[in-house]
Amino acid sequence: MDVLIHLFVGLHIIGIAALLGGFLTQMKAMGQGTARFTPAMLHGALTMLVTGVALVGLNQAQDYSVDNIKIGVKLAVLIVVLGLVYVKRDDEKVEKPLFGLVGLLTVVNVFIAVLWT
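Residues numbered from 1 in each chain as written. Predicted model: local features only at pLDDT ≥ 70, side-chain atom pairs only at ≥ 80, totals over all residues. Heavy atoms only, no water.

Looking at an unreviewed UniProt entry, one finds the chain named Integral membrane protein, with Streptomyces ambofaciens as its source organism.

(A) Seen up close, the overall build of the chain. When helices and strands are tallied, the chain shows five helices and zero strands. Listing the helices and strands of the chain from first to last along the sequence gives α-α-α-α-α. Compactness check: the chain gives a C-alpha radius of gyration of 15 Å against a globular reference of 13 Å for 117 residues, within 12% of the reference. By its C-alpha atoms, the chain is 50 × 25 × 20 Å across when sized along the principal axes. Out of the 117 residues belonging to the chain, those deemed buried represent 34%. Of the accessible surface of the chain, which amounts to about 6,800 Å², a share of 71% is contributed by carbon and sulfur atoms. In the chain, 8 positive and 7 negative side-chain charges are present, and the distance between their average locations comes to 12 Å. (Helix = DSSP H or I, 4+ residues; strand = E, 2+ residues; numbered from the N terminus. Rg over C-alpha atoms; globule rule 2.2 N^0.38 Å. Buried < 20%, exposed > 50% of the residue type's maximum accessible area, 1.4 Å probe, protein only. Areas by Shrake-Rupley, 256 points an atom, 1.4 Å probe, with all protein chains shown as cover. Lys, Arg positive; Asp, Glu negative; His and termini not counted. Charge placed at Lys NZ, Arg CZ, Asp CG, Glu CD.)

(B) Looking closely at the environment of Gly10. Its place among the elements puts Gly10 in helix H1 (residues 2-25). In this structure the C-alpha to C-alpha distance between Gly10 and Thr51, which are 41 residues apart in sequence, comes to 9.2 Å.

(C) Quick look at the nonpolar core. Counting residues in each nonpolar core, the largest one holds 21 residues, and the members touching the most others are Leu19, Phe37, Met41, Val81, Val85, Phe99 and Val102. It is helix H4 (residues 68-87) that provides the largest number of residues to this core, a total of five residues. (Core = buried A, V, L, I, M, F, W, Y, C linked by side-chain atoms within 4.5 Å.)

(D) Spotlight on the UniProt feature "transmembrane region" (unreviewed entry) in the chain. The UniProt record marks residues 6-25, 37-57, 69-86 and 98-116 with the feature "transmembrane region" (unreviewed entry), using the residue numbering of this structure. Secondary structure content for residues 69-86 is 100% helix and 0% strand, and the end C-alpha separation is 25 Å. Overall, residues 98-116 shows 95% helix and 0% strand. The separation of its end C-alpha atoms is 26 Å. (UniProt positions renumbered as here; feature names shortened; annotations may be inferred.)

(E) Focus on the side chain of Thr106. When you line up the elements, Thr106 lands in helix H5 (residues 96-115). Sequence-distant contacts of Thr106, that is, excluding residues within four places in its chain, are made with Ile16, Leu19, Leu20 and Val81. (Contact = heavy atoms within 4.5 Å.)

(F) Local environment of the layout of surface pockets. Quantified by volume, the largest pocket comes out at close to 670 Å³. Looking at the largest pocket, it is lined by 24 residues, and the ones nearest its centre are His12, Gly52, Leu55, Ile71 and Lys74. Looking at the lining of the largest pocket, the elements with two or more residues in it are H1, helix H3 (39-61), H4 and H5. With seven residues, the single largest contributor to the lining of the largest pocket is H3. Along the lines of polarity and charge, the residues of the lining of the largest pocket split into 16 nonpolar, five polar and three charged. (1 Å grid on protein atoms, 1.4 Å probe; cavity = no way out; pocket = protein on both sides within 12 Å on 5 of 7 lines; lining within 4 Å. Points joined across faces, edges and corners; volume = space filled by probe spheres on them. Nonpolar A, V, L, I, M, F, W, Y, C, P; charged D, E, K, R; others polar.)

In structure tokens:
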């Protein structure tokens, strides 16, 4: 079961890399006011959601401790990010503050995962 958990952690990291990488590749365009949400960002956020839920279930099945408040906060932040990316996915350009908010919330989610103990 631990191998499966590690596999899902790897997939979760790939999801965050796709979301954050998509944001970072659009930073120059954001400065010009032409940034858009890429499919990689949407798929990365969806991957994070699915693998995160799976990780919580697998960890609880193994009787490992799960900080439900931390997971709830991370889930809330991710749902906001996912909602923004999903709603604006077809727009030719996204406003700078909205695009920056998605990047900020993504980084916040990373730091919640790493620093909240």
